[in-house]
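As a plain string of letters, each chain reads:
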Amino acid sequence: MIDQNGKPVTKPALKTYLATYNQGVRGSKEFGAMPRALITICDNLALGKTTYVKCVEGQVQLSRRKDGTVAGNGL
C-alpha cells in the first residue's frame, strides 16, 4: 500500500488510518489524508469477510466486524 506522498505505508500508520476510517467523518482533514486505495478496500469489504493489505513490515489482515468497523489483525 502506498500513501498520499508515494511512500510505502507502515503498520503504525495503517493503524491510525483504520482508526480514522472507523470514526466515519468523511469530510475531515484526516480522512482526506488517507490513501484512496485503502478507502476503496474498506468500503467494499463485506461483513465477516477478510482481505490482506501489504505494508512495509509485511501483510496485515483486514476484516469487517459485525458493528461495521474494520479491524486490522496483526497491528
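Overview of the structure.

Conventions used here
- Residues numbered from 1 in each chain as written.
- Predicted model: local features only at pLDDT ≥ 70, side-chain atom pairs only at ≥ 80, totals over all residues.
- Heavy atoms only, no water.
- Helix = DSSP H or I, 4+ residues; strand = E, 2+ residues; numbered from the N terminus.
- Rg over C-alpha atoms; globule rule 2.2 N^0.38 Å.
- Buried < 20%, exposed > 50% of the residue type's maximum accessible area, 1.4 Å probe, protein only.
- Contact = heavy atoms within 4.5 Å.
- Axes fitted to C-alpha atoms, helices over the stretch in contact; angles between N-to-C directions.
- Parallel < 35°, antiparallel > 145°, perpendicular 65-115°, else oblique.
- Left-handed = near helix turned anticlockwise from the far one by under 90°.
- Nonpolar A, V, L, I, M, F, W, Y, C, P; charged D, E, K, R; others polar.

### What about the overall build of the chain?
Line of reasoning, step 1. Check the secondary structure of the chain and you find three helices and three strands.
Line of reasoning, step 2. Ordered by position in the sequence, the α and β elements of the chain form the string α-α-α-β-β-β.
Line of reasoning, step 3. Its C-alpha radius of gyration of 11 Å places the chain within 12% of the 11 Å reference for a compact globule of 75 residues.
Line of reasoning, step 4. Projected onto its principal axes, the C-alpha positions of the chain cover 30 × 30 × 15 Å.
Line of reasoning, step 5. Taken over 75 residues, the chain has a buried fraction of 33%.
Line of reasoning, step 6. Pairs at least 24 residues apart make up 40% of the contacts formed inside the chain by residues separated by at least 6 positions.

### Digging into the packing of helix H1 (residues 11-23) against helix H3 (residues 36-43)
Line of reasoning, step 1. Two elements in contact, H1 and H3, have axes separated by 11 Å at closest approach and are oriented at 55°. By the angle between their directions, the pair H1 and H3 is classed as oblique. For the crossing formed where H1 meets H3, the hand is right-handed. When H1 is examined against H3, the residues Leu14, Tyr17, Leu18 and Tyr21 are found in contact with a partner set consisting of Leu38, Ile39, Cys42 and Asp43.
Line of reasoning, step 2. Each residue belonging to the contact of H1 with H3 can be placed in one class, and the counts come to seven nonpolar, no polar and one charged.

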